[in-house]
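Topology and contacts: notes
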Amino acid sequence: MHTQRNTYARLLPTALLVFVMWHGSFAGESVVSPAVAMEIAIRAGDLRMVLENTGQGLRLAGLTDQITNQELCPTEPAPLFSVVLRDVQTKDLLTITADTGWKQVDTTFSGATRMYAFTFAAPTDDRLEGIEVKVTLDVDDPNSALIWDLRVANDNPRWALWRIVFPQAAVRDLGEDAKVFAQVTSGVELSEMWSKGGRRGGPYPGGWTCMQYMAAYNRADGTGLYVGMHDPFGSTKDIFAEGQPAKEAVLFTFDHAVPDMGKPGVGFDLPGKARWQLLRGDWFDAAQIYRAWASREARWWPALGADGREDTPKWMRELPAWVMTGGPASDCVPRVRKFAETIDLPTGFHWYNWHQIPFDNDYPHYFPVKDGFTEGVAELKTAGVHPMPYINGRLWDTRDKGAEDWAFSRTALPAATKDEDGKPCTESYGSKETDGNSVTLAVMCPTTSLWQDRVGDIVLRLFNEYGVSGVYIDQIAAAQPRLCFDASHGHALGGGHWWTEGYWKMLDAIRAAKPADRMLTTECNAEPYIKWLDGYLTWHWQQQDMVPAFSAVYGGAIQMFGRAYRGGPTQDLANRMKAAQQLVYGEQIGWFGPEIIERADCWPFLRDCIQLRWRLREYFYRGHMARPPHLAGPVPRITADWQWSGEWLVTTDAIMTGAWRIPRENKLVLLFANVSDAPYTGRLDLDPADYGLSAKTVTVTTIQPGGSGPPQADSETELADGFDHADVEIPPRTVLAWEVQPAAGR
């Protein structure tokens, strides 16, 4: 292997440039004078990065789009990495970063691998002797991407690794019309983070921080930056986008809890690779970068065939609608049957409070069931309804028989997650014990055989003894991992990917034992569990400025269903907005109460969404999401109170659009939903190449709601000049679809 070290003298194939002088290591604590300061420029396609010698480390000095000449790096860039250490005796924390605090930084370039390595050693703080960070960098010229890896070695007996922040990148204000894509539920597109600040994101994997990438871009100017952590294990980390108005920047950070955090002598290997990629587009283009990686490398990506996910029962892949209620069969079965009879289509029923114990109390002792449950399940299935009871997949009540600690301490306590002091991690959700005190629920460790077996036994009993169609296992893809420090569980302490792997093992066993025609779902949509579940309850997709990024990545890989439909003074308009959004996002419609059919001001529209989804159902499990079509000119906006948490105003376009493709059949469907009381007339403004259609002459079949059969030629038009600027007319409160294919013989 040919390796260059310390001094570079010529332009390398990947455009390594040296300006002035390169010192391969920094001596002592002295600062290199400006006269001998150096810069290194590394080019990946159209993206050019400049690293600067600070005298005690390396600093990002430039990140430039070479085509648009847009500088992406702000005047105060973020450090390439931050290492948080903890004193094992005092528990004090200390942070060392890439740009300061090092006596020595060695650099190498390998001509064979075309990779760069930067080794940070000999901290200026002598207490940290033995701490060393190695950052490697690969370039992807065709995609204008920089691919990073990081490893931390720790031979220090006093200071232990606690958290590692990497990658982290700040992007300057990209001008008028610039946007930030942040990880909130389905994904949000924000325009004011540079000017107004704010922090969006959270603990991953969790229901509000579901994927591992963010982006900043100006689509009109054709520039931006994708920042992703391509971790195929779904390891525990905090992911945030933070607006910094004083610096005119937005900061993207991935903050990893170290496996065996707090133990001296333990190092850290980045789980996967970090990626900075030039972005010429918007949130959808960023989603395609992430989808391309996830489909190749993520451990949770399922097998997809010509008929989609064949390990998911076909009835679940096709299901158009959901209702949600609870209680004894005598109360809920007649109402659910009436809903199913009204739509005359297969219906999913999320059944709460089927058990005798109160909700969020005395878990996990769900049996015995309420009277009539067995008979109610059978009656509903005969009526074309698929009952799916609720259980919780994380929690054990610490007083699990009324106010008595019946089985928690003697059975569950050893398998509960523990904090550093050995105390169980607990949560409360508003439920009360019989003595009036709050119910305190322990979070169980998913790696323990006790918890894996207990959840498996409950699920299989519901399948085999009661015949339910599916089981909803609450919180798996919603609640964040807890940092468990119980060494008896056999997993790394604190951080790592043992949490996801524990649930993978649990769900593997359940899937292997369950009947083939049954399914499993959970709450929210944290990505690392997709392969082991058939559906995600997306009830929390209630955000302002939301975009269907999750659908763009995982459409066809898992079925998404359900929104929280609530009350308020604008309930009917809010219901129409939610159902329309569900339709274009590719979700199964509903999670309403069955009494929704009585609301004359919204039910006809909701029914149409359900019927249209049914007619187009193959697109949502055999295909995947395409770029939502853009309508030229101004589109009316509409606002309603969605009542997610008290008053919750959400404004969206009155005309919602979506697109889904089945590439192997060269089929495309465009979806349009007018939720307002006014007709809309406009035209499309799109690029047919985005949809894999190169033929100039296309056949457009308009598909209306109604009927229970597959899409039919309700009306068919041949467009000789293509459909990229086709006229669009949508009456008030109307949903319709265009199925677009190359004209016969074209």
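Reading guide: rules and limits
Residues numbered from 1 in each chain as written. Predicted model: local features only at pLDDT ≥ 70, side-chain atom pairs only at ≥ 80, totals over all residues. Heavy atoms only, no water. Pairing = 2+ DSSP bridges. Helix = DSSP H or I, 4+ residues; strand = E, 2+ residues; numbered from the N terminus. Axes fitted to C-alpha atoms, helices over the stretch in contact; angles between N-to-C directions. Contact = heavy atoms within 4.5 Å. Left-handed = near helix turned anticlockwise from the far one by under 90°. Nonpolar A, V, L, I, M, F, W, Y, C, P; charged D, E, K, R; others polar. Phe/Tyr/Trp six-rings, centres within 6.5 Å; stacked < 30°, edge-to-face > 60°. Buried < 20%, exposed > 50% of the residue type's maximum accessible area, 1.4 Å probe, protein only. Lys NZ or Arg CZ within 6 Å of the ring centre and 35° of its normal. pLDDT = per-residue confidence, 0-100. Expected span 1.5 Å × (residues − 1). Core = buried A, V, L, I, M, F, W, Y, C linked by side-chain atoms within 4.5 Å.

Spatially, 8 strands are ordered E32-E31-E30-E29-E25-E24-E23-E33 in an open sheet, and the strand pairing comes out parallel. Since the sheet does not close on itself, it has two edges, and those belong to strand E32 (559-561) and strand E33 (589-592), each with one partner. Going from strand to strand, the sheet's axes swing by 25 degrees on average, the running direction of each strand aside. The sheet contact formed by strand E30 (residues 519-523) and strand E31 (residues 535-537) spans 3 bridges and is parallel. Opposite threonine 522, over in E31, you have tyrosine 536 as the bridge partner. Together, strand E24 (347-352) and strand E25 (385-392) form the strand contacts of helix H5 (residues 373-382), whose direction differs from that of E25 by roughly 140 degrees.

This part covers the packing of helix H7 (residues 449-466) against helix H8 (residues 498-513). Where H7 contacts H8, the axes come no closer than 10 Å and their chain directions differ by 30 degrees. With respect to the hand of their crossing, H7 and H8 are arranged in right-handed fashion. Between H7 and H8, the contacting residues are Trp451, Gln452, Val455, Gly456, Val459 and Leu460 on the first element and Gly502, Tyr503, Lys505, Met506, Ile510 and Ala513 on the second. Residue classes in the contact of H7 with H8 are distributed as 8 nonpolar, 3 polar and 1 charged.

The next subject is the packing of aromatic side chains. Evaluation of the coordinates by the stated rule reveals 44 aromatic pairs. With centroids separated by 5.7 Å and ring planes inclined at 90 degrees, the aromatic side chains of tryptophan 283 and phenylalanine 284 adopt a geometry described as edge-to-face. Judged on exposure class, the residue tryptophan 283 and its partner phenylalanine 284 are both buried. Over the ring of phenylalanine 240 we find arginine 199; its NZ or CZ atom is 3.6 Å from the centre of that ring.

What follows concerns the confidence of the model for the protein. Atom-level detail of predicted coordinates should not be read off regions where pLDDT is low. Here the protein shows a mean pLDDT of 93. Residues at 70 or above account for 93%. In the model, residues 1-37 has pLDDT below 50 throughout and makes 94 contacts with residues more than four positions away in sequence or in other chains.

Note on helix geometry: an α-helix contains 3.6 residues per turn, so any two residues three or four positions apart are oriented the same way. Its 16 residues give H8 an end-to-end C-alpha distance of 23 Å, which sits within 8% of 22 Å, the value for a rise of 1.5 Å per residue. Taken together, the buried residues of H8 touch strand E28 (441-443), H7, strand E29 (470-474) and E30.

Side chains of a nonpolar character, in soluble globular proteins, are inclined to be buried together. Judged by nonpolar contacts, the single largest core of 224 residues is most densely connected at Phe81, Trp276 and Tyr554. The contacts of phenylalanine 81, once residues within four sequence positions are left out, are Ile96, Thr97, Ala98, Trp102, Phe120, Val133, Val135, Leu150, Val165, Phe166 and Gln168. Counting residues in each nonpolar core, the second largest holds 22 residues, with Tyr680, Phe723, Leu736 and Trp738 among its members.

Let us now look at the environment of valine 547. Mapped onto the elements of the fold, valine 547 is located in the loop between E31 and helix H9 (549-554). Residue class for valine 547 comes out buried when judged on its relative accessible area of 8%. Each C-alpha atom of the pair valine 547 and alanine 403 lies 45 Å from the other, and the pair is 144 residues apart in sequence. Beyond its immediate sequence surroundings of up to four residues, valine 547 is in contact with Phe181, Ser186, Gly187, Val188, Glu189, Trp283 and Tyr585.

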